[in-house]
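# Fold and contact review
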Amino acid sequence: MRASDPLARIPYLGSGLGYRRQIRDAIRAATDEIDFLEIVTEQFMGSTDKDGELAEICERFTVIPHGVGLSIGSAAPLDSDYLERVRRVSDRTGCPYYSEHLALTQVPGIDIGHLSPLWFTEPALACTIRNVRRVQDLLGKPLVLENVTYQFDIPEAQMSQAEFFGRLVDATDCGILLDVTNLHINSVNHHFDPIAFLAEMPVERIVQIHLAGGFWSDGILVDGHSEQVHPEVWELLAHLTGLVDLRGSILEHDDNFPDDPGVLFQQVARAREMISRGRARVQA
Amino acid sequence: MTTSELQACLARLYVDDAFRELFLRWPEAALQGYELDPVEDRAVRGLDVAALRFFAASLRNKRVKRFRHAYPALFALGHPHVDRLAARYHQVCGDDGRLGIHEDILAFGRFIERCAAGDDILPPYVSDLARFERHYYAASAEVAPAVRPAGALDEESRPARHPGIRMVTFDHDVVAIEEAVTSGRKPSEEASAGGYPIVFRHRTPDAPHGMVRINTPTAAVVDACDGTRPMPAVVDHVRSRLGIADDLTTPVTETVIRLLDRGVLTPVPLDGSRDTAPAEVLVADWVHDESF
Ligand SMILES: [Fe+2]
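All values reported here derive from a predicted model rather than from experimental measurement.

Looking only at helices and strands, chain A features 9 helices and 12 strands. What you see for chain A is a C-alpha radius of gyration of 18 Å, in line with the 19 Å of a compact globule of 284 residues. Along the longest, intermediate and shortest principal axes, the C-alpha atoms of chain A span 50 × 45 × 45 Å. Per-residue burial for chain A yields a buried fraction of 59% across its 284 residues. Contacts in chain A between residues far apart in sequence, at least 24 positions, make up 78% of those at least 6 positions apart. Roughly 10800 Å² of accessible area belongs to chain A as shown, and the carbon and sulfur atoms make up 48% of that amount. Positive and negative side-chain charges in chain A, numbering 24 and 42 respectively, have mean positions lying 8 Å apart.

Structure, rendered in structure tokens:
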């Protein structure tokens, strides 16, 4: 990492949890268990009445906003109103970076309502580079993009996802949020070796990770964010922490909440253990 | 080439069932609406059909799940036509992103209300039930300014509804219907000519949302208090609404005072206060308060 690299200025954040209102009280009381929080940007950009809630969480925790509706791979220009609202949340949290997904969620006239995969081609890469630059210029901080799960590849790709990521980060200096669970799920559903995938990825640009648990549906492993982190995901994380100095880990849990939130905090603690041990090794 | 046409085509394949089926049966007809180069054309035609369908179904389920959450009694009816209408809404009222989740949930309710009112497939109370759940959902999700302590009534008073207060009159006893449906009993299909007025209170920064059934005379008082009428005119309005010749000054004044105490009315319209803050969704905070 170069000294001028914007990612170099990102501090160590530790291990945290995705903020969900269903477990708001447990989170509020867990300042010892949670190093930082990730909020879903869109939940805080509708109206000013969420400002109080946001201010309150920001007072207790370092907060990283994580968006779902940017559609960074869109050929159509990004929505300026949306970007302004993102900037407002980004500014209010004072986050060192902003995170989103390497995905398509919108085209003119259609909101897909979910993250859909990009076509890994030269023209799509050019659009994505243009969009990433625009977001980083507007926010004045690095954009960190997450690998998503996908049900299918779009055929006739000109490069692999790893190469797409590599060329994107080279061109824009953006970072990567590696969702370790998404990587595991994709490797299962699409029959590839996740370690080999990481070997192709620009892992030195990975700033943060996501961990979560999914479930099986019709022979497909789904990223439900509803179960405990899979053993295979912990193994993958162990491998990853040997490669890169991770700045943070977020456990994503959105559904099927355990009666005892301690179940979540134990996983947060396990991730903290692993990434801090990995840091010591990588830095040595 | 920016791939914009490919993206537009893919997005439509994900969300539009009829277009996807046309594409699978007659790709030339579907793709003639898009300017795809030969590589893009091969990419679309090479998509994994089963995975495409799985993805499309997951998008529909994700959207309908929100409706189930906001309209629990409607879906608790277990009527196949409700599921059919939900699937139809997903198709006919595609989401272009400008609506937002909250408005989408409200628009779904209005769609069901209109469909159910005009068909003889669903029981007659279903339109009312959807309307009731729409208002209850809105009360839970839209934030109103905090209730201000009411001052005393005087000559200057022009009582008005407090911001975040909505009164809606239903043909059916929707509260009883909702209770019956969610506890698995068969609801009464009877309607009442006088209607069943309900006051909904939107949540505020420091209080949860709620609703309360009121009687017809109280509804006439709430209706009269629109912020333009001084108290004598409120009394007159109530008299004519109820068709009563007697002087109603005392009971109407007492009712207004009670409604002021409960935060339903304010002595004068609150300047600069909007009805509710701009909407945002708080599905997770769904609480079924029976009264406030
Ligand atoms: Fe994730």
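Glancing now at the interface of chain A and chain B. If you look at the interface, chain A gives 38 residues, while chain B gives 38 residues. In total, chain A and chain B occlude about 3000 Å² of area from one another, counting both sides; carbon and sulfur atoms represent 67% of this. At the boundary of chain A and chain B, one finds 2 salt bridges. Taking the shortest distance from any N to any O, the salt bridge between B:Lys65 and A:Asp255 comes out at 3.0 Å. One can count 6 residue pairs in polar contact (both at pLDDT 80 or more) joining chain A with chain B.

The next thing to look at is the coordination of the iron ion. All names here are of chain A. Around the iron ion, the protein contributes the donor atoms Glu146 (OE), Asp179 (OD), His210 (ND1) and Glu252 (OE), at 2.0 to 2.3 Å from the metal centre. Note that the iron ion binds 4 donor atoms; their angles at the metal cover 84 to 172°, and the shape is irregular. Motif for the iron ion, donor spacing along one chain: E-x32-D-x30-H-x41-E. Of the two residues, glutamate 146 sits in strand β7 (residues 143-146) while aspartate 179 sits in strand β8 (residues 175-179), which places them 33 residues apart along the sequence. Accessibility expressed as a relative area gives 2% for glutamate 146, which makes it buried. Look at aspartate 179 and you get buried, because its relative accessible area is 0%.

All names here are of chain B. Averaged over every residue, the pLDDT of chain B is 87; the share at 70 or more is 91%. This stretch, residues 272-292, has a pLDDT under 50; its non-local contacts, to residues over four places away or in other chains, come to 77 contacts. Both scores are given for the predicted complex: the pTM is 0.85, the ipTM 0.93.

A few words on the domain arrangement of chain B. Residues and elements named next belong to chain B. In terms of domain boundaries, chain B breaks down into domain 1 (3-138) and domain 2 (147-266). Counting from both sides, the interface comprises 13 residues of domain 1 and, opposite them, 19 residues of domain 2. When domain 1 packs against domain 2, close to 1500 Å² is buried across both sides, 73% of that on carbon and sulfur atoms. The tally of links from domain 1 across to domain 2 stands at 0 salt bridges. On inspection of domain 1 and its partner domain 2, the count reaches 5 residue pairs in polar contact (both at pLDDT 80 or more). The set of elements that each furnish at least two residues to the side of domain 1 that touches domain 2 consists of α6 (72-76) and α9 (126-141). Take the side of domain 1 that touches domain 2: its biggest share by element is 7 residues, from α9.

Quick look at the environment of A:Met45 now. Looking at the secondary structure, you find A:Met45 in the loop between β2 (36-40) and α2 (51-60). Considered as a pair, A:Met45 and A:Pro11 are 34 residues apart in the sequence and their alpha carbons are 25 Å apart.

This next bit is on unusual backbone geometry. All names here are of chain A. One non-glycine residue with positive phi stands out, namely histidine 191, at about 55°. Relative to the elements of secondary structure, histidine 191 occurs in the loop between α6 (180-189) and α7 (194-200). You can call histidine 191 exposed: its relative accessible area is 71%. Positive phi is not limited to glycine here, since aspartate 218 has a value of about 50°. Tracing the backbone shows aspartate 218 in the loop between β10 (215-217) and β11 (220-222).

Reading guide: rules and limits
Counting from 1, residues in each chain are numbered in the order their sequence is written. Naming scheme: in the order in which they are written, chains are lettered from A and ligands are numbered from 1. Side-chain atom pairs in this predicted model are given and counted only at pLDDT of 80 or more, local residue features only at pLDDT of at least 70, and totals for whole chains, interfaces and linings cover all residues. The side-chain numbers reported here are obtained from all heavy atoms of the structure, hydrogens and water having been left aside. Strands here mean DSSP runs of E at least two residues long; helices mean DSSP runs of H or I at least four residues long; both are numbered from the N terminus. The reference for a compact globule is 2.2 Å times residues^0.38; the radius of gyration itself is calculated from the C-alpha atoms. Only protein chains enter the accessibility calculation, which uses a 1.4 Å probe; a residue is then buried when its area is under 20% of its type maximum, exposed when over 50%, and partly exposed in between. Only heavy atoms matter for contacts: two residues are in contact if any of them lie within 4.5 Å across the pair. Reported accessibility uses the Shrake-Rupley method at a 1.4 Å probe radius. Residues are deemed covered only where the shown protein chains occlude them. Residues scored as charged are limited to Lys and Arg (positive) and Asp and Glu (negative), so that His and the chain ends carry no count. Where a charge sits is defined by one atom per residue type, namely NZ (Lys), CZ (Arg), CG (Asp) or CD (Glu). In short, buried area is how much 1.4 Å probe accessible area vanishes from two parts on joining, totalled over both. Any Lys or Arg side-chain nitrogen found within 4 Å of a carboxyl oxygen on Asp or Glu counts as a salt bridge. N or O atoms closer than or at 3.5 Å make up a polar contact, with two conditions inside protein: a donor-capable atom paired with an acceptor-capable one, and, for residues adjacent in sequence, both atoms drawn from side chains. Coordination shells were defined by N, O and S atoms within 2.8 Å of each metal, extended to 3.2 Å for Na, K and Ca; water is absent from the atom set, which can make sites look incomplete. Under the classification used here, a metal with four donors is tetrahedral if each angle lies between 85 and 135 degrees, square planar if opposite donors are over 155 degrees apart and the others between 65 and 115, a six-donor metal meeting that same test is octahedral, and anything else is irregular. Confidence of the predictor at the level of single residues is given by pLDDT, which spans 0 to 100. In this document the domain limits rely on a domain assignment from an automatic tool or a database.

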